[in-house]
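Descriptive analysis of the structure
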Amino acid sequence: MNAPILKLFALVLVLFAALIGMTSYNSVINAKAYRENTLNARPQIDEQRVHRGVIRARDDTLLAHSVKASDTLYRRRYTPAAKAFAQVIGYDFLRIARAGLERSRNAALAGERNELASIVDELRGKQREGDNVITNLDPRAQKLALSELAGRKGSVVAIEPATGKVRVMVSTPGYDPNTLDEKGVFSKLSTDDRNSPLLNRATQAGYVPGSTMKVVTAAAALDSGEYTPDSRVSGKSPVVISGTPLSNFSDEQFGDITLTDALTHSVNTVWGQVAEKLGHERMAEYMTRFGFDTDPPLDYPDAQMLPSGVYDKGKLLSPSSKRVDIGRVGIGQERLRVTPLQMAEVAATVANGGMRMKPQLTSRIVDVDGRTVDRIAPEQAQRVMSPETARQLTEMMANVVREGTGTAAALQGIEVAGKTGTAELNIAQRIDQPWFIGFAPRAAPRIAVAVTLENIVGGQGGIVAAPIAKNVMQELLR
Amino acid sequence: MTARNRELFALIPASLLVTAGFTAVFIQRNDLLSNLSLSYGAIFLGLCLGAHLVLRMTLPDADPYMFPLVAVLACFGLVMLYRLDAKLARDQAQWFVVGLLLFAGTIIALRRDHRVLERYRYSIALAGILLLLLPRLSHPVNGAYLSFDIGPLAFQPAEFAKIAIVIFLASYLRDTRQVLVVGARRFMGITFPPLKHLGPLLAVWGTAMVLLFVIQDLGSSLMFFGGFLALVYVATNRISFVLIGITLFAIGARTLYAIRPTIQGRVDAWLHPFDPSLYNKAVGGSFQIAQSIFSQADGGLFGRGFGQATIRLGDNPPILPAAHTDFIYAVITDELGLLGAAAVLLVYLLFIERGFKTAMLATDSFSKLLATGLTAVLALQVFVIVGGVTKLIPLTGVTLPFISYGGSSIVANFILLALLLLVSDRARREADLR
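Bear in mind the structure is a predicted one, so any value in this text is a computation, not a measurement. (Residues numbered from 1 in each chain as written. Chains lettered and ligands numbered in written order. Predicted model: local features only at pLDDT ≥ 70, side-chain atom pairs only at ≥ 80, totals over all residues.)

1. Notes on the overall build of chain A
Helix and strand counts for chain A come out as 17 helices and 23 strands. Contacts spanning at least 24 positions in sequence make up 68% of the contacts within chain A whose residues lie at least 6 apart. (Helix = DSSP H or I, 4+ residues; strand = E, 2+ residues; numbered from the N terminus. Contact = placed C-beta atoms within 7 Å.)

2. Some words on the sheet that holds strand 14 (residues 315-317) of chain A
Residue and element names in this part refer to chain A. Strands sit in the order 14-13-15 across an open sheet of three strands; the sheet is antiparallel. Both outer strands of the open sheet, strand 14 and strand 15 (336-337), are each paired with one neighbouring strand and no more. Bridge count for strand 13 (residues 309-312) against strand 14 is three bridges, and the pairing is antiparallel. When the sheet's bridge partners are listed, tyrosine 311 is paired in strand 14 with leucine 316. (Pairing = 2+ DSSP bridges.)

3. Concerning the interface of chain B and chain A
If you look at the interface, chain B gives 41 residues, while chain A gives 29 residues. Counting only elements with at least two residues in the side of chain B that touches chain A, the list comes to helix 8 (218-236), helix 11 (276-279), helix 12 (287-299), helix 13 (328-361) and helix 14 (365-389) of chain B. Take the side of chain B that touches chain A: its biggest share by element is twelve residues, from helix 13 of chain B. A breakdown of the residues in the side of chain B that touches chain A according to their chemical character gives 26 nonpolar, eleven polar and four charged. (Nonpolar A, V, L, I, M, F, W, Y, C, P; charged D, E, K, R; others polar.)

4. A few points about the nonpolar core
For soluble globular proteins, the rule of thumb is that nonpolar side chains tend to be buried together. Val70, Cys75, Leu231, Tyr329, Leu370 and Leu421 of chain B are the most contacted members of the largest nonpolar core, which has 142 residues in total. For tyrosine 329 of chain B, the residues in contact, after removing those within four places along its chain, are Ala341, Ile385, Val386, Val389 and Leu400 of chain B. (Core = buried A, V, L, I, M, F, W, Y, C linked by C-beta atoms within 7 Å. Buried ≥ 20, exposed ≤ 12 C-beta atoms within 10 Å, placed from the backbone.)

5. Quick word on the sheet that holds strand 17 (residues 362-366) of chain A
Residue and element names in this part refer to chain A. In space, the six strands of this open sheet follow the order 3-2-1-6-17-18, with mixed pairing throughout. Bordering the open sheet on either side are strand 3 (74-78) and strand 18 (372-375), each of which pairs with just one other strand. Both strand 1 (residues 55-56) and strand 6 (residues 132-135) contribute to a ladder of two bridges, which runs parallel. Residue arginine 56 lies in a different strand from strand 6, and its bridge partner there is isoleucine 134.

6. Some remarks on unusual backbone geometry
Residues and elements named next belong to chain A. Between threonine 172 and proline 173 the backbone carries a cis peptide bond, its omega angle lying at 0 degrees. Serine 237 connects to proline 238 through a cis peptide bond whose omega is -5 degrees. On the secondary structure map, proline 238 appears in the loop between strand 9 (232-234) and strand 10 (239-241). Positioned with a positive phi, serine 250 is a non-glycine residue whose angle comes to about 60 degrees. By the secondary structure assignment, serine 250 is in the loop between strand 11 (244-246) and strand 12 (256-258). A residue is classified by how many C-beta atoms lie within 10 Å of it, and serine 250, with 7 of them, is exposed. Although it is not a glycine, arginine 430 adopts a positive phi angle of roughly 55 degrees. Checked against the element boundaries, arginine 430 lands in the loop between strand 20 (417-426) and strand 21 (431-440). On the neighbour-count criterion, arginine 430 (12 C-beta atoms within 10 Å) is exposed.

7. What to know about the pairing of strand 18 of chain A
In the case of a regular strand, side chains alternate between the two sheet surfaces. Residues and elements named next belong to chain A. As paired elements, strand 17 and strand 18 share three bridges and run antiparallel to each other. Bridge pairing links valine 366 to threonine 372 in strand 18. Turn length for the strand 17-strand 18 hairpin, with the two strands adjacent in sequence and antiparallel, is five residues, and the turn residue glycine 370 shows positive phi of about 90 degrees.

8. Some words on the packing of helix 13 of chain B against helix 14 of chain B
Residues and elements named next belong to chain B. Helix 14 packs onto helix 13 with a crossing angle of 165 degrees between their chain directions and a minimal axis gap of 9 Å. By the angle between their directions, the pair helix 13 and helix 14 is classed as roughly antiparallel. The handedness of the crossing between helix 13 and helix 14 is left-handed. Taken together, the residues of helix 14 that come into contact with helix 13 (itself represented by Tyr329, Ala330, Tyr348, Ile352, Gly355, Phe356, Thr358 and Ala359) are Lys368, Ala371, Thr372, Leu374, Thr375, Leu378, Ala379, Val382, Ile385, Val386 and Val389. Residues that form the contact of helix 13 with helix 14 fall into these classes: 14 nonpolar, four polar and one charged. (Axes fitted to C-alpha atoms, helices over the stretch in contact; angles between N-to-C directions. Parallel < 35°, antiparallel > 145°, perpendicular 65-115°, else oblique. Left-handed = near helix turned anticlockwise from the far one by under 90°.)

Encoded structure:
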């Protein structure tokens, strides 16, 4: 009977080999896929075990930190100062997942190291600790912008033109991040379609830009060499653009006026003709250079950024398409949708001599012991126009604030350059989307802003948005 | 060196392992490294020494490695349980003592000749079947009738029944193996056993099927029937008998699958563990098996270390259910990695090798079959539960011998060990005499 016993043992060996094979598959070979399975909450739980790093403002104001929730787990807490930054900072809760900077800077905050470094740490008995994230955000200016919006829905973005540092990013209405993991709060906020408090309007909301878009058209006109600031174009109203008559605001009539004057007084018919003459290709080229049609290169989750551009039934449509009325794109109408961040980048690019910088929320990453692990250096995104074009355009925009539609943005003793916008959303009910984009000081710009508000009755950009921009710039230039 | 001295030396690594294991758990918990961990090791060593002395006095020639291998598994189980819940480990340690007492009792009672068991084979068989039917009086757990409550204790009779049935089969097949082979007929290219002896074999098959239907537990039935087939194969050396048996079992299992939704649920969960509709099902879904696999995926090659597996969060229901019983292998993989899990399987394999070796050394058919059957059911039990936890086969709840929490399991498996050592002692003595 010994031969069958041996065979039986051989069978057992085969069965056990299959067990080891299956264990290898589960624990090593396919482990990564299992770890990434959406049903698997373990990776998130693991991250809650780590003492997550704090998030601070530019002036070291504490915004987010972690406290012990149990023996092994930590829980995220947000300071009162963080409330003004709700959407930018985002959140990190086990049962809700994460958003905002908490998501885009998760690797640093959770202290993720490469395999080797973590094995070394483990051998040294070092507990994994998260790194701290120091942002470029300015709590005072942020708070001021928030109060300037005064409960109205809208957004304010301020960027340092030379570095791309994002100093202000406001989106209203907001929420109290600390309450998010309370029962029912998140689902209530995320289904509130009337107010969309979780939406970061600065990066996610596509608004009609109105006349602020004329800055882009002007850049294309001057930089392509087709026009100079002194080129004269007829300002009579209406003119036929793409087969449909286009009128000026209040149907105002102008003679042959220079582009400078046309920007100062925001003459639709002039800029419509200019855009049409530049043509689809050239307009598309300059829009792409300004960053349209792609997610902004911000250190922020892709899921929370919307590319600016022409939208057709919810899908991006290239401005070079013949289905696009390029003349009306040139004056910020048509199906053009832009984010406040994009328009702030437009202003900042002109301010920075035509070089678009990568917008950055994070200033540096610091480890627990205070050593700087990563200093986020300013990064050039793309040259949009020549310095000469930028200089001419700055001059034209300065005129807008000096004597045109944007006088309400003027600062005492500091020259401001800017452009107003008023997107007429419902002409019958006079519902407008007021805009202001600009920068200061004109000669050596230190700050660029974009301000916009949703659905304001009779809300002209020069009256509603420009004063907000003025106050925010004033605070940031202090 | 004599067998018993070898055994004594082999126990040293087991004791070191338990001491090191408890120390690791204490360090992980940042407790003061009290002398408690050392005293656990000392108590464990004392118990093992006691059992060793019993063996030294009663079975001087028995296999020297079986007991230390079991000691390694048992102490490893204690450390795992201690890491999960100190109270579980204390309970298990008490059962460990009870198991060792019954172990010693079995050896002392049968030390002259274990073959007296043959005289009671029908009583033992009947007792085994009754044991299996007992839980039917109780309430089902996860759709299967597995345990029977005696006061506060949940008694799992299948653990004892597997030994009773192996004893009966070994004895019965010793009698009939010759006729089964000689009287066999070939029909349509398949060798069939003679009809008059087929009866009792069909009775065994019928019992396995009844078990399947009555206790509705595929795992135990698979274990019993697999043990039965292993014995028939070793007794007759006829692979065709085994194939017939497998076919019959498959028919039974298929029928049960068709009529029992719980079995269907198990198979569905096995095939599609990450299907959200199965995963989120409140009862009988794939949550358990999916979590078992996620837990193993956390382990990697080296594991996360003692106490690092995610079992539960606060007072919420556990993320990995039944971590101390069915899914203890997943916890082992999680905390000790592929290498730790493979090491545990290797210890089982070494034990199984000693079991089969004992069977091959034994001179009489009953002892051969007894050792083969006991070893085979233990091997199958490991395969059924580890295979279920790793998603190799559908999950059915049996314990991981000597490691899982459970009094019945530990006590029954110590009796199984006692019987193997009894066979071994006689076999090795006779082999030496020759």
